[in-house]
Amino acid sequence: MRNVASLVFGVGLAFLLLVIGGQLAFGDPPMRVGAEILGVAGSQVGAANIVTAVVLGYRGIDTLGELSILFAAATAAGLVLGHRRADAPRDPPGGLILRAGADLLFPLLLVVGFYVIVHGHLTPGGGFQGGVILAAAFFVAVLADPARSLSHGLIAWIEGLAGASFILIGIWALVEEGTFLAPMLSKGVMGQILSAGTLPLLYLAVGLKVGSELAGLMAHLSDAEAPDQ
């Protein structure tokens, strides 16, 4: 019966997809919203990277929801992992080459991470990608030398301030423009670093929040109590 049910479901799903596909004209995209956004995003938002205009301008509430989901996941993982006992053994530090490489990569990853965040409204990238790079910068050092530890208190402060800044900018836009996270300030000249209004500030908040949440999660992973032998 289970095999019959799976077969019926598969045939029904294939038939549904075939009917939907048959109603779509070949080479004619069914979505019209994308074309409208491409036509007006430059003048309305001022961001050279249209993806940034969509993520922070046209669907900023969805982005806030994504940040909330990431926060909930990182918090739940931290609660499950707990903290390492003070007397719990740690892995030995890596070799000289590994530690020297980590020390060399740390400032480079920081520069690249902030570059990706700050230029998110101009080129592909932004707060999410840059935040991951920032988190990796700190965790590479922990991988090379497990005796190092990340400050959970500092990570929590950065995460809280970044999240509060994102929401406060959105409330400011709601009061001034009547729309949550509507672009504020001067749009400037498209293609320049000081353009797109408040979008670079929002991406900076997103980058710091994503980076701190992932760094905190990885810190909990590194501090997780070793299982009893």
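Note that residues are indexed from 1 along each chain, following the sequence as it is written. Two thresholds apply to this predicted model, a pLDDT of at least 70 for residue-level local features and 80 or more for giving and counting side-chain atom pairs, whereas whole-chain, interface and lining totals are computed over all residues. As a rule here, side-chain values come from all non-hydrogen atoms in the structure, and water together with hydrogens is ignored.

### What to know about the pattern of salt bridges
Part 1: When a carboxyl oxygen of Asp or Glu lies within 4 Å of a side-chain nitrogen of Lys or Arg, that pair is called a salt bridge. In total, this model carries four salt bridges according to the counting rule given.
Part 2: Across the pair Arg59 and Glu66 runs a salt bridge, and its minimum N-O distance is 2.6 Å.
Part 3: Three exposure classes are used, based on accessible area relative to the maximum for each residue type with a 1.4 Å probe and protein chains only: buried under 20%, partly exposed in between, and exposed over 50%. Assessed through its relative accessible area of 33%, Glu66 is described here as partly exposed.
Part 4: Residue Lys209 pairs with Glu213 through a salt bridge whose shortest N-O separation is 3.0 Å. One end of the pair, Lys209, and the other, Glu213, are both in helix α8 (residues 199–223), four residues apart, so they sit about a helical turn from each other. Taken individually, Lys209 and Glu213 each receive the classification buried, so the pair is uniform in this respect. Strands here mean DSSP runs of E at least two residues long; helices mean DSSP runs of H or I at least four residues long; both are numbered from the N terminus.

### Brief notes about the confidence of the model for the protein chain
Part 1: On average, residues of the protein chain score 82 in pLDDT, and 86% of them are at 70 or above.
Part 2: A residue's pLDDT is simply how confident the predictor is in it, with values from 0 to 100. The weakest mean pLDDT in the protein chain belongs to helix α2 (residues 33–45) at 80; the strongest belongs to helix α5 (residues 96–118) at 90.
Part 3: A low-confidence stretch, residues 225–229 stays under pLDDT 50, and its non-local contacts, those more than four residues away or across chains, total five contacts. Every residue pair with non-hydrogen atoms within 4.5 Å of one another is taken to be in contact.

### Some words on the nonpolar core
Part 1: Grouping buried Ala, Val, Leu, Ile, Met, Phe, Trp, Tyr and Cys residues that are joined through side-chain atoms within 4.5 Å yields what is termed a nonpolar core. Counting 27 residues, the largest nonpolar core has Leu56, Phe166, Leu199, Leu202 and Val206 as its most contacted members.
Part 2: If you list the elements that add at least two residues to this core, you get α2, α3 (50–58), α6 (127–144), α7 (152–177) and α8.
Part 3: Among the elements that make up this core, the one with the highest residue count is α8 (10 residues).

### Let's talk about α2
Since the α-helix packs 3.6 residues into each turn, any two residues three or four apart lie on the same face.
Part 1: The seven residues ending at a residue and the seven starting there each receive a fitted axis; the angle between those axes is the bend at that residue. Along its length, α2 reaches its greatest deviation from straightness, about 40°, at Gly39.
Part 2: Considered for burial, the residues of α2 that qualify are Ile37, Ala41 and Val45.
Part 3: Downstream of α2 by a residue or two, Gly46 has a phi angle that is positive, lying close to 85°.

### Points about the packing of aromatic side chains
Part 1: Two rings from Phe, Tyr or Trp (for Trp, the six-membered ring) form a pair when their centres are within 6.5 Å of each other. A pair whose planes differ by under 30 degrees is stacked, one over 60 is edge-to-face, and the rest are tilted. Per the stated rule, a full pass over the model turns up one aromatic pair.
Part 2: Residues Phe106 and Phe138 carry aromatic rings whose centres are separated by 5.2 Å and whose planes lie at 80° to one another, so their mutual orientation is edge-to-face. A residue pair is termed long-range when its members are at least 10 positions apart, and Phe106 in helix α5 and Phe138 in helix α6 qualify at 32 residues.
Part 3: With a relative accessible area of 35%, Phe138 lands in the partly exposed category.

### Some thoughts on the environment of Ala162
Part 1: The topology assignment puts Ala162 in helix α7.
Part 2: Of the residues examined, Ala162 reaches a relative accessible area of 5% and is grouped as buried.
Part 3: Note: C-alpha distance between Ala162 and Val210 (48 residues apart in sequence) is 9.0 Å.
Part 4: Ignoring anything within four residues of it in the chain, the contact list for Ala162 reads Ala205, Leu208 and Lys209.

### Observations concerning the packing of α5 against α6
Part 1: Running from N to C, α5 and α6 cross one another at 165°; their axes reach a closest spacing of 8 Å. Judged by the inter-axis angle, α5 sits roughly antiparallel to α6. When you trace α5 past α6, the crossing you get is left-handed. In this structure, α5 uses Leu98, Arg99, Ala102, Phe106, Leu109, Leu110, Val112, Gly113, Phe114, Val116 and Ile117 to contact α6, whose residues at the interface are Gly127, Gln129, Gly130, Gly131, Ile133, Leu134, Ala136, Ala137, Phe138, Val140, Ala141 and Ala144.
Part 2: Residues are grouped as follows: Ala, Val, Leu, Ile, Met, Phe, Trp, Tyr, Cys and Pro are nonpolar; Asp, Glu, Lys and Arg are charged; every other residue, Gly included, is polar. Grouping the amino acids of the contact of α5 with α6 by side-chain chemistry returns 17 nonpolar, five polar and one charged. In this analysis, axes come from line fits to C-alpha atoms, helices being fitted only over the stretch in contact, and the angle between any two N-to-C directions falls in the range 0 to 180 degrees. If an angle is under 35 degrees, it is roughly parallel; if it is over 145, roughly antiparallel; if it lies from 65 to 115, roughly perpendicular; otherwise it is oblique. For a crossing to be left-handed, the near helix must be turned anticlockwise from the far one by less than a right angle; the clockwise case is right-handed.

### Describing the side chain of Thr63
Part 1: As for its position among the elements, Thr63 is in helix α4 (residues 60–81).
Part 2: The class for Thr63 is buried, based on a relative accessible area of 0%.
Part 3: Non-local contacts of Thr63, meaning those with residues more than four positions away in its chain, are made with Val55, Leu56, Phe128 and Phe166.

### Concerning the side chain of Glu213
Part 1: A relative accessible area of 1% means that Glu213 is categorised as buried.
Part 2: Setting aside anything within four residues of it in sequence, one finds Glu213 in contact with Leu67, Leu70, Phe71, Ala74 and Glu159.

### Section: a nonpolar patch on the surface
Part 1: Two distance rules govern patches: like charges are joined within 9 Å, and nonpolar side chains (Val, Leu, Ile, Met, Phe, Trp, Tyr) within 5 Å, applied only to residues with over 30% relative accessible area and no salt bridge. Areas reported here follow the Shrake-Rupley algorithm with a probe of radius 1.4 Å; residue values treat only the protein chains shown as occluding. A contiguous nonpolar patch, built from Phe9, Leu13, Leu16, Leu17 and Ile20 and spanning about 510 Å² of accessible area, is present on the exposed surface.
Part 2: One can find Leu13 in helix α1 (residues 2–22).

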